[in-house]
Amino acid sequence: MKNIAVIGAGTMGNGIAHTFAQFNFKVNLIDIQQASLDKGLATITKNLDRMVLKETISETDKTNTLKNITTFTNLEEGVKSVDLVVEAATENLDLKLKIFRDLDKFCSKDAILASNTSSISITQIAAATSRPQQVIGMHFMNPVPIMKLVEIIKGYSTSDATYSTVESLSKELKKVPVEVNDYPGFVANRILMPMINEAIETLYNGVAGVKEIDTVMMLGMAHPMGPLALADFIGLDVCLSILKVMYDGFKNPKYAPCPLLVNMVMAGKLGAKSGEGFYDYSENRKAEVVSKMFLK
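Residues numbered from 1 in each chain as written. Predicted model: local features only at pLDDT ≥ 70, side-chain atom pairs only at ≥ 80, totals over all residues. Heavy atoms only, no water.

**A look at the state of the cysteines**
By the definition in use, this model includes zero disulfides. Between Cys258, a free cysteine, and Cys239, which holds the nearest cysteine sulfur, the sulfur-to-sulfur gap is 12 Å. On the basis of relative accessible area, Cys258 is assigned to the buried category, the value being 0%. (Disulfide = S-S within 2.5 Å. Buried < 20%, exposed > 50% of the residue type's maximum accessible area, 1.4 Å probe, protein only.)

As structure tokens, then:
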């Protein structure tokens, strides 16, 4: 398998494309907007420049990586001759089901269809296709070029052959594949999101401020980043979507999103990508900005 398609040129999609291309896979990066593709390629180039500066890759490696990536705005054209598709679109069930129905029509009968979903059922996604045995979860961690873990999620019908192929591919990317079962949030987000949600609840209840909460978790628990800063990095809308999937899937109140998180997303305060979340990212500053009007 050397021909890969990645759907979505956002944070995860461009990171996945970068990683495959760096290991000499031919990558078709697909998005509905050319502007998104241009932004994704710019991000890949910037990250490669950083790696050259750190002398982890050469200038030739950077050039070859970029040569391995071709962009498409037409899904059918982008996936018709690939061996593997990795879908990295927005964490929205209806959108993913539509994409996989289209992939089932446009891809070769032998192609494996993978989703980078962080919480949505692989079994449910696979049921939208006529090839559920070739549908699998391939959940990379952000930032993809750096983080070693890939959660591999087998749906109810995923074949052992599909799993073995994706496991081998992950190792070719110098990643560490870990098999997990198909339940809401899988492993990473089933543990991470309740922690982030509890940190937001702690702020919401006035126990401590943003910096104080993050400092306690960094210095007291040896976390490299505090949970509120991490939520900003992930995207508060993404955190909310994952919590909703787990709450709907388990019907357990411990997964219910904090009202503060809901309010911030409704207000458009999505974290680093919107310029403001629990911290202010404008003009390279980073300061607490949560309005007291949102707190209890």
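**Overview of the pattern of salt bridges**
A complete count under the given rule lists 12 salt bridges for this structure. Where Lys98 meets Asp102, a salt bridge forms, and the shortest distance between an N and an O atom there is 2.9 Å. Here Asp102 and Lys98 lie together in helix H5 (residues 93-106), a separation of four residues that amounts to about one turn. Judged by relative accessible area, which is 45%, Lys98 ranks as partly exposed. Here Asp160 makes a salt bridge to Lys154, at a shortest N to O gap of 2.8 Å. A relative accessible area of 57% places Asp160 in the exposed class. (Salt bridge = Lys/Arg side-chain N within 4 Å of Asp/Glu carboxyl O. Helix = DSSP H or I, 4+ residues; strand = E, 2+ residues; numbered from the N terminus.)

**Details of the UniProt feature "domain: 3-hydroxyacyl-CoA dehydrogenase NAD binding" (unreviewed entry) in the protein**
As annotated by UniProt and renumbered to match this structure, "domain: 3-hydroxyacyl-CoA dehydrogenase NAD binding" (unreviewed entry) occupies residues 3-182. The annotated region residues 3-182 carries 43% helix and 22% strand content, and the separation between its end C-alpha atoms amounts to 27 Å. (UniProt positions renumbered as here; feature names shortened; annotations may be inferred.)

**Structural notes on the sheet that holds strand E8 (residues 176-181)**
Taken in spatial order, the eight strands of this open sheet run E3-E2-E1-E4-E5-E6-E7-E8, and their pairing is mixed. Every other strand in the sheet has two partners, leaving strand E3 (69-72) and E8 as the edge strands with one partner each. Neighbour-to-neighbour, the strand axes of this sheet turn through a mean angle of 25 degrees, independent of strand direction. Summarising the sheet, strand E2 (residues 26-30) and E3 pair through four bridges and their orientation is parallel. Note on E3: the bridge partner recorded for Val27 is Ile69. The sheet contacts of helix H1 (residues 11-22) involve strand E1 (3-7), E2, E3, strand E4 (84-87) and strand E6 (135-140), and relative to E2 the element is tilted by about 165 degrees. Across the sheet, helix H7 (residues 160-172) touches E4, strand E5 (112-115), E6, strand E7 (149-154) and E8, and the angle it forms with E7 is around 175 degrees. (Pairing = 2+ DSSP bridges. Axes fitted to C-alpha atoms, helices over the stretch in contact; angles between N-to-C directions. Contact = heavy atoms within 4.5 Å.)

**Side note on the packing of helix H11 (residues 236-250) against helix H12 (residues 259-266)**
One way to put it is that H11 packs onto H12 with a least axis distance of 9 Å and a crossing angle of 130 degrees. When the interaxial angle is binned, H11 and H12 end up oblique. Between H11 and H12 the crossing geometry is left-handed. Where H11 approaches H12, its residues Leu236, Asp237, Cys239, Leu240 and Leu243 are matched on the opposing element by Leu261, Val262, Met264 and Val265. Split into classes, the residues belonging to the contact of H11 with H12 amount to eight nonpolar, no polar and one charged. (Parallel < 35°, antiparallel > 145°, perpendicular 65-115°, else oblique. Left-handed = near helix turned anticlockwise from the far one by under 90°. Nonpolar A, V, L, I, M, F, W, Y, C, P; charged D, E, K, R; others polar.)

**As for the UniProt feature "domain: 3-hydroxyacyl-CoA dehydrogenase C-terminal" (unreviewed entry) in the protein**
In the UniProt entry, the feature "domain: 3-hydroxyacyl-CoA dehydrogenase C-terminal" (unreviewed entry) is given for residues 185-281. Secondary structure content for residues 185-281 is 62% helix and 0% strand, and the end C-alpha separation is 28 Å.

**Describing the environment of Leu203**
For Leu203, the position within the fold is in helix H8 (residues 188-204). Sequence separation between Leu203 and Thr123 is 80 residues, and the spatial gap between their C-alpha atoms is 36 Å.

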